[in-house]
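# Summary of structural features
Chain by chain, the residues:
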Amino acid sequence: MKNLLIVGNGEAFSEECNTSFLLQSADSSILIDCGYQVPPRLWAGDLHQNIDLVLLTHHHADHSFGVVPLLVRYLEEKRTRPLKIWGPAGTETFIKSLLEHGYPGVSKYFKYTIEFAEFGALDSKKYGDVSIRCAPTVHSIPNLLYRLDFDGRSFSISGDGKLTPEAVELIQGVELHLQEVYELNNNIPSHYSFSEVLQLAQSDVAASVGVTHMCRNEISVITETYDKLVRENEIEKDKLFITRSGQTFEF
Ligand SMILES: [Zn+2]
Ligand SMILES: [Zn+2]
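What comes next is a walk through the structure.

Cut-offs applied
- Residues numbered from 1 in each chain as written.
- Chains lettered and ligands numbered in written order.
- Predicted model: local features only at pLDDT ≥ 70, side-chain atom pairs only at ≥ 80, totals over all residues.
- Heavy atoms only, no water.
- Helix = DSSP H or I, 4+ residues; strand = E, 2+ residues; numbered from the N terminus.
- Rg over C-alpha atoms; globule rule 2.2 N^0.38 Å.
- Contact = heavy atoms within 4.5 Å.
- Areas by Shrake-Rupley, 256 points an atom, 1.4 Å probe, with all protein chains shown as cover.
- Lys, Arg positive; Asp, Glu negative; His and termini not counted.
- Charge placed at Lys NZ, Arg CZ, Asp CG, Glu CD.
- Donors = N, O, S within 2.8 Å, 3.2 Å for Na, K, Ca; no water.
- Tetrahedral: all angles 85-135°; square planar, octahedral: opposite > 155°, others 65-115°.
- Buried < 20%, exposed > 50% of the residue type's maximum accessible area, 1.4 Å probe, protein only.
- Core = buried A, V, L, I, M, F, W, Y, C linked by side-chain atoms within 4.5 Å.

## Things to note about the overall build of the protein chain
Along its length, the protein chain carries seven helices and 15 strands. The globule rule puts the C-alpha radius of gyration for 251 residues at 18 Å, and the 18 Å found for the protein chain is close to it. Here the C-alpha coordinates of the protein chain stretch approximately 60 × 40 × 30 Å along the principal axes. Taking as baseline every contact in the protein chain between residues at least 6 positions apart, the subset at least 24 positions apart corresponds to 61%. Summed over its atoms, the accessible surface of the protein chain is roughly 10900 Å², and 51% of this surface lies on carbon and sulfur atoms. In the protein chain, 22 positive and 34 negative side-chain charges are present, and the distance between their average locations comes to 6 Å.

The structure is reproduced here in structure tokens:
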């Protein structure tokens with residue numbers, strides 16, 4: 001049995017915690033994205049202890065700058081178990097440089113090893129009983145959407161950006177797809193919109209679609225639009241919903 005926790009569902013510059021997810025099983029967790037607002041949320045619940053894999057969708061600060069404090073607190077807590085950090089091409093160089101800028105020379109004191117691995121645009125890797133597959137989205141920098149399958153269960157996480165045909169194909173049949181939605185209308189080429197996610201949910205590509213990463217100035221209008229669509233039976237609540245921080249899903 002696994003539990004997926006929404007650590008945060010915010011965008012880069014909002015009061016909400018950055019969008020991040022924690023897939024928890026009995027003795028090992030996978031953290032998906034780790035922006036600068038994320039580590040305190042993990043530390044507060046002691047949720048960081050079981051993390052063995054940090055999976056990054058892309059290298060924007062609201063998805064990755066929390067890795068440095070996470071790593072240094074592990075040093076202070078005398079962590080010895082290895083930590084995997086997986087992400088798109090360039091992840092190893094990027095994280096090493098981030099760490100060296102933040103705390104020069106600190107990594108030589110680490111008592112744990114960091115095992116980096118990088119995904120190609122359409123790639124797959126296995127982590128224990130979890131199969132992880134990816135597809136690119138259209139964002140201002142390279143971003144990977146991930147699909148995770150285990151025990152006949154499945155979910156997917158978009159990271160940021162517009163879905164490509166390959167990404168839509170990859171999420172076919174998932175139980176839950178968590179999609180970044182920045183604005184109500186389709187104005188920005190590097191972000192998904194509510195009008196697009198509505199179409200996606202209505203296309204039945206996934207059993208259920210959850211909205212994350214809404215622009216702080218668009219939350220009210222997206223929520224009002226969504227509530228109206230539900231009231232008028234244009235969309236079922238199970239098919240499309242707006243996520244909240246702290247929400248969990250059992251698999
Ligand atoms: Zn973002
Ligand atoms: Zn981004």
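## Some details on the coordination of the zinc ion (ligand 2)
Around the zinc ion (ligand 2), the protein contributes the donor atoms His58 (NE2), His60 (ND1), His139 (NE2) and Asp160 (OD), which lie 2.2 to 2.3 Å from the metal centre. Bound by four donor atoms, the zinc ion (ligand 2) shows angles of 92 to 164° at the metal and therefore irregular coordination geometry. Counting the intervening residues between successive donors of the zinc ion (ligand 2) yields the motif H-x1-H-x78-H-x20-D. Between the zinc ion (ligand 2) and the zinc ion (ligand 1), a separation of 3.6 Å is found, and both are coordinated by aspartate 160. Of this pair, histidine 139 sits in the loop between strand S8 (130-138) and strand S9 (144-150) while aspartate 160 sits in the loop between strand S10 (153-157) and strand S11 (162-163), placing them 21 residues apart in sequence. Across this residue pair, the class does not change: histidine 139 and aspartate 160 are buried.

## Comments concerning the nonpolar core
Soluble globular proteins: nonpolar side chains tend toward being buried together. Judged by nonpolar contacts, the single largest core of 52 residues is most densely connected at Ile132, Leu148, Phe155 and Leu240. Counting residues in hydrophobic clusters, the runner-up holds 25 residues, among them Leu22, Val38, Ile51 and Val68.

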